[in-house]
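If you want the building blocks of each chain, they are given just below.
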Amino acid sequence: MEHRGMDAYGYFEREGSLGRVQSEFRGVVAAARGRISEAYGRRLHSAYLYGSVPRGAARPGRSDLDLLLVLHHVPSDEDRDGAEVLARGLDEDFPEVDGVAALLRDKGAVLSEAERFDLGWFLACLCTPLLGADLAEHLPRYRPDSLLARETNGDLADVLPGWRKRVREASTPQEYRKLSRLFSRRLVRTAFTLVMPRWGGWTSDLGESAEIFGMYYPERAAQLQAAAGVALDPVADPEVLRGYVEDLGPWLADEYTARHGTKTPRTA
């Protein structure tokens with residue numbers, strides 16, 4: 001399989017661009033730009049797109065719109081409420097997208113040493129500038145090594161107890177579908193970064209991620225391929241969720257820790 005996402009020197013190439021946004025999504029992207037600017041004004045340092053929309057891989061009516069908003073200061077409760085209102089409004093006004101996520105962070109956190117190989121890498125390599133000055137100019141170049149693997153997804157073991165609680169509390173088909181989408185995406189991405197240093201490349205495509213993982217763990221390949229399918233077409237089956245939190249998730253967390261270690265604890 002061809003290794004994608006890297007330049008001739010083995011560094012990540014930034015994925016996505018505004019030029020790749022499909023015509024069906026240009027209206028919601030333009031609206032997001034205007035509404036973000038109106039909502040945050042001078043408090044906003046910069047805003048970014050990430051996910052399938054800037055990669056040109058979004059599916060009308062099926063894909064969500066993902067936004068990263070970086071403020072000059074630590075976000076307040078009012079800032080967070082504003083992000084929720086912004087996301088809900090875009091989702092309601094544009095049927096082209098199935099959900100809108102607006103992550104809210106501050107400039108200091110993005111550029112901090114603690115986040116250098118997590119949030120910093122995410123912005124520099126997976127986010128497309130939409131508004132303001134690009135913070136990627138202040139961040140290093142990145143390689144697909146074990147340090148990056150550890151700092152991006154080396155906390156799955158810490159996440160699983162919360163997942164189990166959410167599965168126990170879920171009771172409606174809508175809740176099950178929402179969790180199946182969330183859990184399967186995280187598991188497939190974690191499985192890919194587990195093998196990323198050995199493969200030596202990058203992809204955000206979940207199907208391709210599962211295929212690459214299966215090259216190194218054929219005994220778990222079918223599970224990952226199924227999870228990649230659920231990530232694209234969520235299911236309302238609690239047994240699928242229980243399989244994630246009781247089998248696939250714990251195995252993946254143990255294997256990840258054994259190969260890459262655990263993510264550096266954050267103080268805040």
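Residues numbered from 1 in each chain as written. Predicted model: local features only at pLDDT ≥ 70, side-chain atom pairs only at ≥ 80, totals over all residues. Heavy atoms only, no water.

Draft legend 1. Inspection of the overall build of the protein chain at higher detail. Scanning the protein chain from N- to C-terminus turns up 11 helices and 4 strands. Its C-alpha atoms give the protein chain a radius of gyration of 18 Å, within 12% of the compact-globule value 18 Å for 268 residues. Along the longest, intermediate and shortest principal axes, the C-alpha atoms of the protein chain span 50 × 45 × 40 Å. Taken across its 268 residues, the protein chain has 49% of its residues classed as buried. Across the protein chain, the fraction of contacts at a sequence separation of at least 24, relative to all contacts at a separation of at least 6, is 76%. As displayed, the protein chain offers around 12,800 Å² of accessible surface, 50% of which is attributable to carbon and sulfur atoms. Within the protein chain, one finds 35 positive and 41 negative side-chain charges whose respective centroids are separated by 1 Å. (Helix = DSSP H or I, 4+ residues; strand = E, 2+ residues; numbered from the N terminus. Rg over C-alpha atoms; globule rule 2.2 N^0.38 Å. Buried < 20%, exposed > 50% of the residue type's maximum accessible area, 1.4 Å probe, protein only. Contact = heavy atoms within 4.5 Å. Areas by Shrake-Rupley, 256 points an atom, 1.4 Å probe, with all protein chains shown as cover. Lys, Arg positive; Asp, Glu negative; His and termini not counted. Charge placed at Lys NZ, Arg CZ, Asp CG, Glu CD.)

Draft legend 2. Geometry of the pattern of salt bridges. Counted by the stated rule, this structure contains 19 salt bridges. A salt bridge links D233 to R62; the nearest nitrogen and oxygen atoms lie 1.9 Å apart. With D233 in the loop between helix 10 (221-232) and helix 11 (238-260) and R62 in the loop between helix 2 (52-55) and strand 2 (65-71), this pair connects stretches of sequence that are 171 residues apart. Using a relative accessible area of 37% as the deciding quantity, one classes D233 as partly exposed. (Salt bridge = Lys/Arg side-chain N within 4 Å of Asp/Glu carboxyl O.)

Draft legend 3. Helix 11, seen in detail. Look at helix 11: 31 Å from first C-alpha to last across 23 residues, which is about the 33 Å you get at 1.5 Å a residue. Approximately 40° is the largest bend angle found in helix 11, and it occurs at Y244. L241, Y244, V245, L248, G249, P250, W251, L252, A253, Y256 and H260 are the residues of helix 11 that are buried. The inward-facing, buried residues of helix 11 contact helix 6 (146-153), helix 7 (156-169), helix 8 (173-199), helix 9 (206-216) and helix 10. (Expected span 1.5 Å × (residues − 1). Bend = angle between axes of the 7 residues up to and from the residue.)

Draft legend 4. Summary view of the environment of R166. Locating R166 in the fold gives a position in helix 7. Sequence separation between R166 and P60 is 106 residues; the distance between their C-alpha atoms is 29 Å. When neighbours within four sequence positions are excluded, R166 is seen to be in contact with L179 and L182.

Draft legend 5. Representation of the sheet that holds strand 3 (residues 100-106). One open sheet accounts for 4 strands, arranged 3-2-1-4; its pairing is mixed. Of all strands in the sheet, those with a lone pairing partner are strand 3 and strand 4 (127-132), marking the two edges. On average, adjacent strands in this sheet sit at an angle of 25° to one another, irrespective of strand direction. Across 6 bridges, strand 1 (residues 44-50) lies against strand 2 in antiparallel orientation. (Pairing = 2+ DSSP bridges. Axes fitted to C-alpha atoms, helices over the stretch in contact; angles between N-to-C directions.)

Draft legend 6. A look at the packing of aromatic side chains. Enumeration over the complete set of coordinates arrives at 11 aromatic pairs. Between the aromatic rings of F12 and W121, the centroid separation amounts to 5.9 Å while the plane-to-plane angle is 70°, which identifies the pairing as edge-to-face. Separated by 109 residues along the polypeptide, F12 in the segment before helix 1 (26-40) and W121 in helix 5 (residues 119-126) bring together distant segments of the chain. The two residues F12 and W121 agree in class, both being buried. Geometrically, the ring pair formed by F117 and Y142 is edge-to-face, given 5.6 Å between the ring centres and 90° between the ring planes. Within this pair, whereas F117 is found in the loop between helix 4 (107-110) and helix 5, its partner Y142 is found in the loop between strand 4 and helix 6, the two being separated by 25 residues in sequence. (Phe/Tyr/Trp six-rings, centres within 6.5 Å; stacked < 30°, edge-to-face > 60°.)

Draft legend 7. Inspection of helix 7 at higher detail. For helix 7, spanning 14 residues, the distance from its first C-alpha to its last is 20 Å, which sits close to the expected 20 Å at 1.5 Å a residue. Along helix 7, the positions that sit buried rather than exposed are L156, L160, W163 and V167. Lining the buried residues of helix 7 we find helix 6, helix 8 and helix 11.

Draft legend 8. Expanded view of the nonpolar core. In this structure, F12, W121 and L123 are the most contacted members of the largest nonpolar core, which totals 56 residues. For this core, the element with the most residues is helix 8, which contributes 11 residues. Residues contacting L123, with those up to four places away along its chain left out, are R14, Y48, L68, V70, V110, D134, L135, A136 and L139. One finds A32, L44, L67 and F94 within the second-largest nonpolar core, a separate group that totals 27 residues. (Core = buried A, V, L, I, M, F, W, Y, C linked by side-chain atoms within 4.5 Å.)

Draft legend 9. Structural detail: the state of the cysteines. Scanning all chains against the criterion turns up 0 disulfides. The structure places no disulfide on C125, whose sulfur is separated from the nearest cysteine sulfur, that of C127, by 9.4 Å. (Disulfide = S-S within 2.5 Å.)

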